[in-house]
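So you can see what is in the structure, the chains are spelled out below.
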Amino acid sequence: MSTTAIPTQAPLAQPLPLVLPHSPHYDTARRAWNLVADQRPAAVCVATCVEHVQAAVGYARARRLRVAAQTTGHLAQTLPDLAGTLLLRLELHDAHVAVDPVARTARIKAGARWADVVEAVAPRGLAVMHGSSPSVGVIGYLLGGGLSFYGRAHGLAVNHVRAFEVVTAEGTRRRIDHRNGADLFYALRGGGGNFAIVTAVEIGLLPYAEVTGGALFFPAKDAFAVLRAWRDWTRTAPDTITTTFRMLRLPPLPEVPEPLRAVPTVCVDGVTLAPADAVGLERRLRYVSAPILGGFGPMPSSAVPRLHGDPEDPVPAIGDAMLLETLDDQAIEMFITSCSASGSRVPRRPRERSTPTSTGTSAPWRRGRRAPGLPASPSGAAHSRLVCRRPRCTDSPGSGRRSIPTGSWSPRTPSPESQH
Ligand SMILES: Cc1cc2nc3c(=O)[nH]c(=O)nc-3n(C[C@H](O)[C@H](O)[C@H](O)COP(=O)(O)OP(=O)(O)OC[C@H]3O[C@@H](n4cnc5c(N)ncnc54)[C@H](O)[C@@H]3O)c2cc1C
């Protein structure tokens, strides 16, 4: 087993970079990307090297503190109360992503965001299995599985991982892969961040300098027709194309195209590796509604991380996600209704068009945790989405059968206490 043990109490050249609650830097150090999360840990360690991580684990063990690993805090709202916890911020990324263009692999240090990786691989004509946001952390995304715009062709992002470099709960440094530490390798691939602190990852890359991608925006009055057309299209859509359906209310900002400002719209966006797929999708959608703007066409793969328009800087947001096996007409109506109730003012499906559900059972969301479509402030952007992505590989905890993952989040106006 290729394990390199470094003693937990190895002397550090510099003191452990700890930020304690009385420090003037505490509010900056504890701040998460998601401003809804008001994290108040017992201490924050901003680790910039593996030795920091090992020492931080030793520090926490000696004081009986729990350890919460965090890169950006995109998922911070899901953490429990952090009293009695050392918040371990991973900032090992040093602006260098090691790319091997022949083997088509990259070694990425913890702390890197997907934008850092795309910037490093794109000049070599390569792409990577990033998600919809350039500012999401590479490691946190991979540990959750990773649903990408290349997902239906290439499966979950985490199944492209060749090796993880980790620090274990004992403070031991290890490199794990299919052969070395196979159980831990399995658990990390979709099992989340509870099994080890990941300090670096080696991942396979994709040979795409250019893809076909785009977005079509429709008036919200046509939400039911567009979603039903998109749903029907997904039943036979080729695996080369990955798309999302979203209900949006974009803010009245100068960077938002004028016809989309402050009005409820619906959007279908995505990426395909076969241009003909996009032609078929556009034809189906344009048949049921005239788009306000948008379209699909060739684009460099380096532009894909910003195709979806996710906010990159910290915002207050709430969200949830679930996997659906089916999306019947009743579920579609519930989705649209809940978005309407949340402030998007989207009309419901006309009564006369009502059809029985295909399964004859209650809508899938009634069996799930809760429906998407969350309250948004009048000034904020609202966003609810359905994603047609089939995680293809089945040998990791995050894999699944053909399904429609759904997710939604809504930036909210921060409360005074969350504006730290
Ligand atoms: C705007 C937005 C867009 C998104 N788009 C997508 C998408 O397209 N596809 C998709 O699959 N997901 C998407 N997500 C979900 C995102 O992948 C997860 O929230 C992910 O966990 C964020 O990782 P992070 O490191 O940025 O966040 P963090 O909150 O820093 O980390 C999340 C969790 O990952 C673990 N973790 C992070 N770093 C480490 C580490 N070095 N070692 C051990 N554990 C660690 C911890 O358990 C931590 O609680 C999106 C989320 C947002 C907010």
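What counts and what doesn't
Residues numbered from 1 in each chain as written. Predicted model: local features only at pLDDT ≥ 70, side-chain atom pairs only at ≥ 80, totals over all residues. Helix = DSSP H or I, 4+ residues; strand = E, 2+ residues; numbered from the N terminus. Buried ≥ 20, exposed ≤ 12 C-beta atoms within 10 Å, placed from the backbone. Contact = placed C-beta atoms within 7 Å. Near = placed C-beta within 6 Å. Nonpolar A, V, L, I, M, F, W, Y, C, P; charged D, E, K, R; others polar. Domains from an automatic or database assignment. pLDDT = per-residue confidence, 0-100. Core = buried A, V, L, I, M, F, W, Y, C linked by C-beta atoms within 7 Å. Pairing = 2+ DSSP bridges. Arc of directions from axis to C-beta. Axes fitted to C-alpha atoms, helices over the stretch in contact; angles between N-to-C directions. Parallel < 35°, antiparallel > 145°, perpendicular 65-115°, else oblique. Left-handed = near helix turned anticlockwise from the far one by under 90°. Expected span 1.5 Å × (residues − 1).

*Asks:* How should the overall build of the chain be read in this particular structure?
*Replies:* Per the secondary structure count, the chain includes 10 helices and 17 strands. Taking all 420 residues of the chain together, 48% fall into the buried category. For the chain, the share of sequence-separated contacts (at least 6 apart) that also reach a separation of at least 24 residues comes to 75%.

*Asks:* Where do I start with the site of the ligand in this structure?
*Replies:* In the neighbourhood of the ligand, 27 residues make up the surrounding shell, with Thr71, Gly131, Gly137, Gly140 and Gly193 lying closest. Every element with two or more residues in the shell around the ligand is listed here: strand 4 (66-70), helix 4 (138-143) and strand 10 (197-204). Class assignment for the residues of the shell around the ligand results in 12 nonpolar, 14 polar and 1 charged. Counting residues domain by domain, the shell around the ligand receives three or more from each of domain 1 (7-90) and domain 2 (98-204).

*Asks:* Teacher, can you tell me more about the confidence of the model for the chain here?
*Replies:* Low pLDDT marks regions whose predicted coordinates should not be analysed in detail. The predicted model of the chain has a mean per-residue pLDDT of 84, with 79% of residues at 70 or higher. Across residues 345-380, where pLDDT falls below 50, the model places 81 contacts with residues more than four positions away in sequence or in other chains.

*Asks:* Got a minute to help me understand the nonpolar core in this structure?
*Replies:* Most often, soluble globular proteins keep nonpolar side chains buried together rather than apart. Core analysis: the largest hydrophobic core is formed by 67 residues, its most contacted members being Ala56, Leu86, Leu88, Val117, Val121 and Val201. Once you skip the residues sitting within four places of it in the chain, Ala56 turns out to touch Leu16, Cys45, Ala47, Leu86 and Leu88. Core analysis: the next-biggest nonpolar cluster, separate from the first, contains 33 residues, Phe217, Phe218, Phe224 and Val387 among them.

*Asks:* Help me out: how do you make sense of the environment of Arg284 in this one?
*Replies:* Assignment of secondary structure puts Arg284 in helix 8 (residues 275-288). Overall, the presence of 16 C-beta atoms within 10 Å leaves Arg284 in the partly exposed class. For Arg284 and Trp233, which are 51 residues apart along the polypeptide, the C-alpha to C-alpha distance reads 7.5 Å.

*Asks:* In this structure, what is going on with the pairing of strand 7 (residues 105-109)? I would like to understand it.
*Replies:* Walk down a regular strand and you will see the side chains alternate between the two sheet faces. Relative to strand 7, strand 6 (residues 98-100) is paired through 3 bridges, and the arrangement is antiparallel. Within the sheet, the bridge partner assigned to Asp100 lies in strand 7 and is Thr105. Connecting strand 6 to the next strand, strand 7, in antiparallel fashion are 4 residues, including Arg104 with a positive phi near 55°. The pairing of strand 7 with strand 10 spans 5 bridges and is classified as antiparallel. Paired with Thr105 across the strands is Gly204, a residue of strand 10.

*Asks:* Can you walk me through unusual backbone geometry in this structure?
*Replies:* It is generally the case that most residues other than glycine have a negative phi and that most peptide bonds are trans. For Arg104, which is not glycine, the phi dihedral falls at a positive 55°. With respect to the element layout, Arg104 can be found in the loop between strand 6 and strand 7.

*Asks:* What is the right way to read the sheet that holds strand 4 from this model?
*Replies:* The strands making up a sheet associate through backbone hydrogen bonding, with each pair oriented either parallel or antiparallel. Here we have 4 strands laid out as an open sheet, ordered 2-3-5-4, and mixed in their pairing. Unpaired on one side and paired on the other, strand 2 (18-19) and strand 4 mark the two borders of the sheet. With 2 bridges connecting them, strand 2 and strand 3 (residues 43-47) associate as antiparallel partners. Along strand 3, the bridge assignment pairs Leu18 with Cys45.

*Asks:* Even after reading the chapter, I still don't get helix 6 (residues 182-191), so can you show me in this structure?
*Replies:* One turn of an α-helix holds 3.6 residues; hence residues three or four places apart share an orientation. Where helix 6 is concerned, the buried positions are Phe185, Leu188, Arg189 and Gly190. The buried residues of helix 6 all sit within an arc of 160° when viewed along its axis, so they share a single face. Where helix 6 is buried, its residues contact helix 4, strand 8 (161-167) and strand 9 (173-176). Phi turns positive one or two residues past the end of helix 6, at Gly192, with a value near 90°.

*Asks:* It is not clear to me how the packing of helix 7 (residues 223-234) against helix 8 should be interpreted in this structure. Could you clarify?
*Replies:* Contact geometry of helix 7 with helix 8 gives a least axis separation of 9 Å together with a crossing angle of 150°. Judged by the inter-axis angle, helix 7 sits roughly antiparallel to helix 8. Of the two possible hands of crossing, helix 7 and helix 8 adopt the one that is right-handed. Where helix 7 abuts helix 8, its residues Ala225, Val226, Ala229, Trp230 and Trp233 lie against Leu281, Arg284, Leu285 and Val288. Grouping the constituent residues of the contact of helix 7 with helix 8 by class yields 8 nonpolar, no polar and 1 charged.

*Asks:* Help me understand the environment of Arg246, please; the structure alone is not making it clear to me.
*Replies:* With respect to the helices and strands, Arg246 occurs in strand 12 (residues 241-249). Exposure remark for Arg246: the 22 C-beta atoms within 10 Å place this residue in the buried category. Arg246 sits 139 residues away from Arg385 along the chain, and the two C-alpha atoms are 4.0 Å apart.

*Asks:* Looking at this model, I keep getting lost on helix 7. Mind explaining?
*Replies:* Between its first and last C-alpha atoms helix 7 spans 16 Å; for 12 residues at 1.5 Å apiece the expected length is 16 Å, and the two agree. What helix 7 keeps buried is the set Ala223, Phe224, Val226, Leu227, Ala229, Trp230 and Thr234.

*Asks:* When you look at the pairing of strand 12 in this model, what are you seeing that I'm missing?
*Replies:* The element strand 12 is largely enclosed, with a buried count of 9 among its 9 residues. Burial along strand 12 is two-sided: Ile241, Thr243, Phe245, Met247 and Arg249 and Thr242, Thr244, Arg246 and Leu248, pointing in opposite directions, are all buried. Two strands pair when backbone bridges link them, and strand 12 and strand 13 (residues 264-272) are joined in this way by 9 bridges, in the antiparallel orientation. When the bridges of strand 13 are listed, Leu248 appears paired with Thr265.

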